[in-house]
Every structure is written in structure tokens, then in C-alpha cells.
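The lines below spell out each chain.
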Amino acid sequence: MIPFSSAAPLNPAQIVAATCAMLAISRVDPGNADEELALIRGFYEGFLPNLALPPFQRLIDNPDTGSKPDPGLFADPDQRDLVLASCLMVAYADGALSSAERGAVLALSQQMGIASAEFDKVLRLVQDYLLQQVSGLPD
């Protein structure tokens, strides 16, 4: 589902932080909460068979938990790209990236130490991925 999913293994603390960052982005434009929450839940619960993680509902109930990831938490560039792409996918869950969502994801990427050129690259990759998903649909 996420373009970078296989490239970046995450530990439990990173999974929780990434999920909380995604939840924070979903709160920027709350109009599409069901689709966004389903996407985030799928990301989070995809790790559950192999890892002991806190209940997903606990992350929803505590919106400040991990919403501003420590820049050193995602040391690997692939991990940072995964978090960034995941947040962009959440922002695009309604089919459009609003300026508020873009600003929130950009601010998050800056907090993680991602250069603006890398942000632009990941944004283009996510957009290309999403276009590929709909390009096979009949007119």
C-alpha cells in the first residue's frame, strides 16, 4: 500500500511514532476521517502479528503521543521516507492534498530533518504511485 513499505524495517517505538504522525496529519482536515483512519489502522495492525504494540485505540485517544517524532528516531533515510510517504498517503486519502495538509506534512518532514528536495522527491513518488493505482480503472 505504501510505496516504501518493504524498504524500511521499523522497531516498535518507530511504528508507534510513525502511526502517531499519521494520526496528527489526519486531524488537519478532519472531513475524511473514516478513510484516513482505515489507512492508518492498516499500517499499524500490519505489524501486530509479529510485534507487541499498544492497542491502536490508545494512540487515537492520546493525540499528543509521538505526534512530533524525535529527529534521531528515524536514523535511516528509508525510514524517514516511509514515514513521510505514509503521512502523504493519509493526506491524499480523500483524493487531494490540501494546502493545510501539505504544510503539516512539510513541517513534520522538517522536524525529522528531511531536506526540502527529498520532500519534493517523496511527494512526486507518492503522486506517481497514486496515479498508477487509478490508471487501470475503466473510464
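Right, let's walk through the structure included here. Because the structure is predicted, anything quoted here is derived from the model rather than measured.

Attention now goes to helix α5 (residues 99-111). For α5, which comprises 13 residues, the first-to-last C-alpha distance of 18 Å matches the rise-based estimate of 18 Å (1.5 Å per residue) to within 8%. Every buried residue belonging to α5 is among E101, V105, L108 and S109, and all of these are buried. The arc that holds the buried residues of α5, viewed along the axis, is 100 degrees, so those residues lie on one side. In α5, the exposed positions angled more than 90 degrees off the buried face are occupied by S99 and Q110. The inward-facing, buried residues of α5 abut α1 (12-26), α2 (33-45), α4 (77-91) and α6 (116-135).

Turning next to the nonpolar core. Of all hydrophobic cores here, the largest spans 38 residues; its most connected members are C87 and V105. Elements with a contribution of two residues or more to this core: α1, α2, α3 (56-61), α4, α5 and α6.

Pairing is possible between side chains of opposite charge, provided their charged atoms come close. In the structure shown here, the tally under the stated rule is three salt bridges. Residue R102 pairs with D120 through a salt bridge whose shortest N-O separation is 3.7 Å. Here D120 lies in helix α6 and R102 lies in helix α5, a separation of 18 residues in the sequence. Note that K121 is salt-bridged to E118, the shortest N-O span being 3.4 Å. On the criterion of helical spacing, the pair formed by K121 and E118 is a turn pair, its members being three residues apart in helix α6. By relative accessible area, K121 is classed as partly exposed at 36%.

Turning to the side chain of E36, a few remarks are in order. Take E36: it is sitting in helix α2. No salt bridge is formed by the buried E36; the nearest opposite charge belongs to R27, separated by 9.1 Å. Those residues within four positions of E36 in sequence are excluded, and the remaining contacts are S26, D29, V90, A93 and E101.

So, how was this worked out
Residues numbered from 1 in each chain as written. Predicted model: local features only at pLDDT ≥ 70, side-chain atom pairs only at ≥ 80, totals over all residues. Heavy atoms only, no water. Helix = DSSP H or I, 4+ residues; strand = E, 2+ residues; numbered from the N terminus. Expected span 1.5 Å × (residues − 1). Buried < 20%, exposed > 50% of the residue type's maximum accessible area, 1.4 Å probe, protein only. Arc of directions from axis to C-beta. Contact = heavy atoms within 4.5 Å. Core = buried A, V, L, I, M, F, W, Y, C linked by side-chain atoms within 4.5 Å. Salt bridge = Lys/Arg side-chain N within 4 Å of Asp/Glu carboxyl O. Lys, Arg positive; Asp, Glu negative; His and termini not counted.

These figures capture arrangement, not role.
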